[in-house]
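The chain contents come next:
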Amino acid sequence: MVKEKANQDTETQILNAAKDVFQKKGMDGARMQEIANEAGINKAMLHYYYRSKQLLFEAVFNNAFSLLAPELNKILNDDSAVEDKVRNFTSNYITFISKHPYLPNFIIQELNRNPKFFEKIQQNAAFPTLDKFKAQVALEVEKGILKPIDGEQLFINIISLNIFPFIATPLIKGLLKVDDKGFKQLMEKRKIAVSEFIINSIKK
């Protein structure tokens with residue numbers, strides 16, 4: 001029992017250390033030795049728990065995704081209006097990704113490198129489902145609350161406007177001449193900017 005608790009504590013240390021290093025250095029820039037140092041263990045111990053950087057990165061990702069997915073799924077499938085869903089989804093997503101900025105690029109890199117990676121993501125029990133959201137959009141269009149728009153296209157618009165700044169962070173910081181603090185402030189403002197932009201474009 002004591003040994004099991006010690007193993008869990010060590011694994012938690014490793015995942016927390018890996019998350020910090022991945023956030024600072026990204027997947028390519030991170031080194032296993034650096035993660036071991038951050039976790040306060042030797043490299044042999046790190047390899048005992050995770051044989052490769054890829055496996056460690058996937059563990060960090062799954063840990064983070066298991067926190068985000070239920071929140072997004074809850075928003076998409078609750079009984080609130082589409083307008084409220086847009087606001088809540090945007091706010092929750094930007095807040096979460098601001099704390100885990102490595103996730104969007106990691107997902108895209110993995111999907112390009114290994115298309116089967118998406119199958120792993122889908123195995124998560126809380127993977128967001130869109131059926132209710134799409135039906136709700138269709139109903140609000142029918143009632144005249146929303147302009148004619150397909151639920152799938154609306155969801156793609158929401159995801160695109162939220163995810164792009166985090167994928168193109170260096171470009172945006174360079175073009176707008178902002179530092180890390182300025183970028184964080186931009187993302188806070190974006191919670192409202194994105195929501196209002198989308199809502200104004202779909203509401204009658």
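The structure displayed is predicted, hence computed values, not measured ones.

**Some words on the UniProt feature "DNA-binding region" (unreviewed entry) in the protein**
UniProt's entry tags residues 31–50 with the feature "DNA-binding region" (unreviewed entry), counted in the numbering of this structure. Split by type, residues 31–50 is 75% helix and 0% strand. Its first and last C-alpha atoms lie 13 Å apart.

**Some thoughts on the pattern of salt bridges**
The tally for this structure, following the rule as stated, stands at 9 salt bridges. Across the salt bridge formed by Asp79 and Lys132, the nearest N and O atoms sit 2.7 Å from each other. Separated by 53 residues along the polypeptide, Asp79 in the loop between α4 (53–77) and α5 (82–99) and Lys132 in helix α8 (residues 131–142) bring together distant segments of the chain. Take Asp79: its relative accessible area is 71%, and that puts it in the exposed class.

**Focus on the side chain of Gln54**
Take Gln54: it is sitting in helix α4. Among all residues touching Gln54, those that are not within four sequence positions of it are Met27, Phe106, Glu110 and Arg113.

**Some thoughts on a nonpolar patch on the surface**
On the surface, a nonpolar cluster with roughly 420 Å² of combined accessible area is contributed by Phe164, Leu171, Leu175 and Leu176. Residue contributions to the nonpolar patch peak at 3 residues, all from helix α10 (residues 169–176). Mapped onto the elements of the fold, Leu175 is located in helix α10.

**A short note on the packing of aromatic side chains**
Counted according to the given criterion, the structure contains 6 aromatic pairs. Between Phe166 and Phe183, the ring centres sit 6.1 Å apart and the planes meet at 90°, which makes this aromatic pair edge-to-face. Here Phe166, found in helix α9 (residues 151–167), pairs with Phe183, found in helix α11 (residues 180–202); they are 17 residues apart in sequence, far enough to count as distant. By relative accessible area, Phe183 is classed as buried at 9%.

**What to know about the domain arrangement of the protein**
When the domains of the protein are assigned, the result is domain 1 (1–51) and domain 2 (58–202). Each of domain 1 and domain 2 has a C-alpha centre, and the two are 29 Å apart. At the interface, 7 residues of domain 1 touch 7 residues of domain 2. Summed over both partners, the interface of domain 1 with domain 2 comes to about 630 Å²; 74% of that surface belongs to carbon and sulfur atoms. For domain 1, the biggest contributors to the area lost against domain 2 are Leu15, Lys19 and Gln23; these three give 58% of the whole. At the boundary of domain 1 and domain 2, one finds 0 salt bridges. Remark: the boundary between domain 1 and domain 2 carries 0 residue pairs in polar contact (both at pLDDT 80 or more). Considered class by class, the residues forming the side of domain 1 that touches domain 2 number 5 nonpolar, 1 polar and 1 charged.

**Brief notes about the layout of surface pockets**
The calculated volume of the largest pocket comes to roughly 640 Å³. Taken together, 27 residues line the largest pocket, and the ones lying closest to its centre are Gln23, Pro101, Tyr102, Phe166 and Thr169. Going through the elements one at a time, α1 (2–29), α5, α6 (103–113), α10 and α11 are the ones with two or more residues in the lining of the largest pocket. In terms of residue count, the dominant contributor to the lining of the largest pocket is α1 (7 residues). Class assignment of the residues belonging to the lining of the largest pocket gives a composition of 11 nonpolar, 7 polar and 9 charged. Structurally, the lining of the largest pocket is a two-domain feature, drawing no fewer than three residues from each of domain 1 (1–51) and domain 2 (58–202). Estimates place the volume of the second largest pocket at around 540 Å³.

What counts and what doesn't
- Residues numbered from 1 in each chain as written.
- Predicted model: local features only at pLDDT ≥ 70, side-chain atom pairs only at ≥ 80, totals over all residues.
- Heavy atoms only, no water.
- UniProt positions renumbered as here; feature names shortened; annotations may be inferred.
- Helix = DSSP H or I, 4+ residues; strand = E, 2+ residues; numbered from the N terminus.
- Salt bridge = Lys/Arg side-chain N within 4 Å of Asp/Glu carboxyl O.
- Buried < 20%, exposed > 50% of the residue type's maximum accessible area, 1.4 Å probe, protein only.
- Contact = heavy atoms within 4.5 Å.
- Patch = residues over 30% accessible without salt bridge, like charges linked within 9 Å, V, L, I, M, F, W, Y side chains within 5 Å.
- Areas by Shrake-Rupley, 256 points an atom, 1.4 Å probe, with all protein chains shown as cover.
- Phe/Tyr/Trp six-rings, centres within 6.5 Å; stacked < 30°, edge-to-face > 60°.
- Domains from an automatic or database assignment.
- Buried area = accessible area lost by both parts, 1.4 Å probe.
- Polar contact = N/O pair within 3.5 Å; in protein donor to acceptor, adjacent residues only side chain to side chain.
- Nonpolar A, V, L, I, M, F, W, Y, C, P; charged D, E, K, R; others polar.
- 1 Å grid on protein atoms, 1.4 Å probe; cavity = no way out; pocket = protein on both sides within 12 Å on 5 of 7 lines; lining within 4 Å.
- Points joined across faces, edges and corners; volume = space filled by probe spheres on them.

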